[in-house]
Amino acid sequence: MSTVASPGLAASLERLGTETAFSVLAQAKQLEREGRDIIHLEIGEPDFDTPRHICDAAYGALRAGQTHYCPSAGIPEFREAAAEYLSASRGIQVKPESVLVGTGAKPFLFFTILATCNPGDEVIYPDPGFPIYESAIRWAGAVPVPLALREEREFVFDLDELAAGLTAKTKLVILNSPQNPTGGVVPADEIAETARLLAESSAWVLADEVYSQMTYDVEFASVASRPEMLERTVLLDGLSKTYAMTGWRCGFAAVPEPLLDPLVRFFVNSTSCVPPFVQHAGIAALRGPQDEPRAMVEEFRARRDLVVAGLNELPGVSCVMPHGAFYAFPNVARVPIGAEGLAHRLLHEAGVAVLAGTAFGQVGKGNLRFSYANSQENLRRALERFGELLARL
Ligand SMILES: Cc1ncc(COP(=O)(O)O)c(C=O)c1O
């Protein structure tokens, strides 16, 4: 062993969090290698293949030599297609020059926070919420201000609590509807009120709307639909969820003018650009036939109904009906071993991989997240195994 001292790591790493879904996936895969049968309900990605015509567009672009660097902001044709999509789906006018493309939606979360926040600035974000928000806020040295999403309000934040959280130090407000991990969707009238409140504040807004096309019995509404909100809102959407393209890494956002150059600079400093053949596939996704994504949402609706009904039959478990995305967030507080213990035993004893609510913040500490992006047959088997485990406790 070397006697030379280790070079050591950056102190800032202590502030960098993670996404538990990936570590539970790794554990589950290890168990599979050991011969165990695991039902995967931990990772947040559609289990469908990317539609054929989208793959064909990528093959065509590859053959046509679209394999080089391209502008960091995105190729003009993609920016036009994304601007059309954002305009049509939010009822607004987004200019192609306002659209940036990134390697997934995720870099926009990190870079928007880095581009707007100084140490000590406050950032309001949902709790429970996508864990990257808090990780990036802390890494920037900003102050995380959780906004609770409670079960009794179907995981929609309370407007009075949002208003109370806004201070002179609030630099950024992060909203996410439809929501990960709860499946909650903010109703249109509350979105309108939220937009009114935020339009009067001095904060930037990051509207994470990557599940915009996945709602069931309610209408999707965006804070960016209020005209003056575009001046302060990074309106984020992507291809990952809507078109089953998680591995392609392609997200996009309408970005306020003062943030365009800073975000492009982050892209130049990190990934350079999104591969042009991926952007050509993206154009085919956004402008091509929409029957496959629609059919996928219908299948998710059937799975949601199956999972929520099944969970509500289990002793000690209750689950409110999620209205969007593909997650259920059952309350297991009455099960004596706690949500984290239950998630652990579900994986190791029952072969069902799920996440504990604490992976998403403290407010979800009595819950589990079930990603129902799996077949109805596997969902039935998972519910059966969950029931058997509960009977053994
Ligand atoms: C709320 C939310 N935002 C952003 C992302 C990241 O999406 P992408 O795969 O496009 O980077 C996810 C992925 O799970 C998510 O749930």
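Residues numbered from 1 in each chain as written. Predicted model: local features only at pLDDT ≥ 70, side-chain atom pairs only at ≥ 80, totals over all residues. Heavy atoms only, no water.

### A word on the site of the ligand
Close to the ligand lie 13 residues, the nearest being N180, D208, Y211, K241 and R249. In the model, an oxygen atom of the ligand is placed 2.6 Å from a nitrogen or oxygen of the K241 side chain. Take R249: an N or O atom from its side chain is 2.8 Å from an oxygen atom of the ligand. Counting atoms within 2 Å of the grid points, the majority share of the ligand lands in the largest pocket. Grouping the constituent residues of the shell around the ligand by class yields five nonpolar, four polar and four charged. (Near = heavy atom within 4 Å. Polar contact = N/O pair within 3.5 Å; in protein donor to acceptor, adjacent residues only side chain to side chain. 1 Å grid on protein atoms, 1.4 Å probe; cavity = no way out; pocket = protein on both sides within 12 Å on 5 of 7 lines; lining within 4 Å. Sits in = over half its atoms within 2 Å of the grid points. Nonpolar A, V, L, I, M, F, W, Y, C, P; charged D, E, K, R; others polar.)

### Observations concerning the pairing of strand β8 (residues 251-254)
Residues G251 and A253 point to one face of β8 and F252 and A254 to the other, with burial holding for every one of them. Where strand β2 (residues 99-102) lies against β8, four bridges are found, and the strand directions are antiparallel. Opposite V101, over in β8, you have F252 as the bridge partner. Where strand β7 (residues 233-238) meets β8, four bridges bridge the pair, whose relative direction is antiparallel. When the bridges of β8 are listed, D237 appears paired with F252. (Buried < 20%, exposed > 50% of the residue type's maximum accessible area, 1.4 Å probe, protein only. Helix = DSSP H or I, 4+ residues; strand = E, 2+ residues; numbered from the N terminus. Pairing = 2+ DSSP bridges.)

### Description of the pairing of strand β4 (residues 143-148)
Where strand β3 (residues 122-127) meets β4, six bridges bridge the pair, whose relative direction is parallel. Within β4, the residue paired with E122 across the bridge is V143.

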